[in-house]
Amino acid sequence: MSAEANATTTTTANAPKIIKLAEIEKHTSRDDLWMVINGKVYDVTPFVDEHPGGEEVLVDCGGIDATTPFEDVGHSDDAVEALVPLYVGDADPEEFKTKSSTRSGALSGSSESSSSSLSFLIIAAIVAAAAFFYLQTKK
Ligand code: HEM
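Residues numbered from 1 in each chain as written. Predicted model: local features only at pLDDT ≥ 70, side-chain atom pairs only at ≥ 80, totals over all residues. Heavy atoms only, no water.

Of all hydrophobic cores here, the largest spans 14 residues; its most connected members are Met35, Ile37, Tyr42, Val44 and Leu58. Looking at this core, the elements that each hand over two or more residues are β3 (32–37) and α5 (77–83). Here the element with the most residues in this core is β3; it accounts for three residues. Among residues more than four places away in sequence, those in contact with Met35 are Lys40, Val41, Tyr42, Val44, Leu58, Cys61, Gly63, Ile64 and Ala66. (Core = buried A, V, L, I, M, F, W, Y, C linked by side-chain atoms within 4.5 Å. Buried < 20%, exposed > 50% of the residue type's maximum accessible area, 1.4 Å probe, protein only. Helix = DSSP H or I, 4+ residues; strand = E, 2+ residues; numbered from the N terminus. Contact = heavy atoms within 4.5 Å.)

By volume, the largest pocket is sized at about 380 Å³. The wall of the largest pocket is formed by 20 residues, among which Phe47, His51, Leu58, Phe70 and His75 lie closest to the centre. Those elements giving two or more residues to the lining of the largest pocket turn out to be β3, α3 (55–60), α4 (67–72) and α5. Here the lining of the largest pocket gets four residues from one element, more than from any other, and that element is α5. (1 Å grid on protein atoms, 1.4 Å probe; cavity = no way out; pocket = protein on both sides within 12 Å on 5 of 7 lines; lining within 4 Å. Points joined across faces, edges and corners; volume = space filled by probe spheres on them.)

Lining the immediate environment of the ligand, one finds 17 residues, of which His51, Pro52, Leu58, His75 and Ser76 sit closest. Ser76 is positioned with one of its side-chain polar atoms (N or O) 2.4 Å from an oxygen atom of the ligand. A molecule is said to occupy a pocket when more than half its atoms come within 2 Å of that pocket's grid points, and by this definition the ligand occupies the largest pocket. Within the residue set of the shell around the ligand, elements represented by two or more residues are α3, α4 and α5. The element that contributes the greatest number of residues to the shell around the ligand is α5, accounting for three residues. (Near = heavy atom within 4 Å. Polar contact = N/O pair within 3.5 Å; in protein donor to acceptor, adjacent residues only side chain to side chain. Sits in = over half its atoms within 2 Å of the grid points.)

Attention now moves to the side chain of Asp92. Tracing the backbone shows Asp92 in the loop between β5 (87–91) and α6 (102–138). Look past the residues within four positions of Asp92 in its chain and what remains in contact with it is Ile18, Ile19 and Lys20.

For the iron atom of the ligand, the full set of protein donor atoms is His51 (NE2) and His75 (NE2), and the range of their distances to it is 2.0 Å. Note that the iron atom of the ligand binds six donor atoms; their angles at the metal cover 87 to 178 degrees, and the shape is octahedral. Taken together, the positions of His51 in the loop between β4 (40–43) and α3 and His75 in the loop between α4 and α5 put the pair 24 residues apart, joining distant regions of the chain. You can call His75 partly exposed: its relative accessible area is 28%. (Donors = N, O, S within 2.8 Å, 3.2 Å for Na, K, Ca; no water. Tetrahedral: all angles 85-135°; square planar, octahedral: opposite > 155°, others 65-115°.)

A contiguous nonpolar patch, built from Leu118, Ile122 and Ile126 and spanning about 300 Å² of accessible area, is present on the exposed surface. Inspection of the secondary structure puts Leu118 in helix α6. (Patch = residues over 30% accessible without salt bridge, like charges linked within 9 Å, V, L, I, M, F, W, Y side chains within 5 Å. Areas by Shrake-Rupley, 256 points an atom, 1.4 Å probe, with all protein chains shown as cover. Salt bridge = Lys/Arg side-chain N within 4 Å of Asp/Glu carboxyl O.)

Another point: the environment of Met35. With respect to the helices and strands, Met35 occurs in strand β3. Sequence separation between Met35 and Asp65 is 30 residues, and the spatial gap between their C-alpha atoms is 6.1 Å.

On to the packing of aromatic side chains. In the structure shown here, the tally under the stated rule is two aromatic pairs. A ring pair is formed by Tyr42 and Tyr87, whose centres lie 6.2 Å apart and whose planes are at 65 degrees; its orientation type is edge-to-face. Of this pair, Tyr42 sits in strand β4 while Tyr87 sits in strand β5, and the two are 45 residues apart along the sequence. The class of Tyr42 is buried, set by a relative accessible area of 8%. (Phe/Tyr/Trp six-rings, centres within 6.5 Å; stacked < 30°, edge-to-face > 60°.)

Shown next, in the form of structure tokens:
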């Protein structure tokens, strides 16, 4: 038994394993299926046959961030608990920025103001077009 091997094992056991998007994207078949929910990576393969919502919806979410479809269904606490044994590691936070992160909150502030000025421009264009057509038909 080498001390080096021991040290490696201890480090891996304590820190959550960070999994890159490139790795997650490799597992998209019903026999090897991973997905990301709330920033965590799950190996859903053993659950495919058990899923009350059927296997197709799960396979459709293979290799991607399935947080939104998972939450949109309104899954019960039982469903959330079923995730626990399927956990394999954390999605790389640089690649998967979850909705709950404070960083995306800060970003949404700036995107909100740019989208409201875009709405203003669209409305102004519609009003201008309406005025133009009104004046044309009056002639
Ligand atoms: C590994 C992740 C998932 C687990 C552990 C899981 C678990 C469950 C469980 C336990 C139920 C029964 C109802 C409940 O307790 O809420 C359920 C129902 C359902 N799930 Fe999932 N689910 C997962 C992912 C998904 C995804 C990604 C979708 C995509 C849309 C989905 C769609 C559905 C649907 C549509 C139902 C309702 C089935 C019905 O009532 O007819 N599930 N799921």
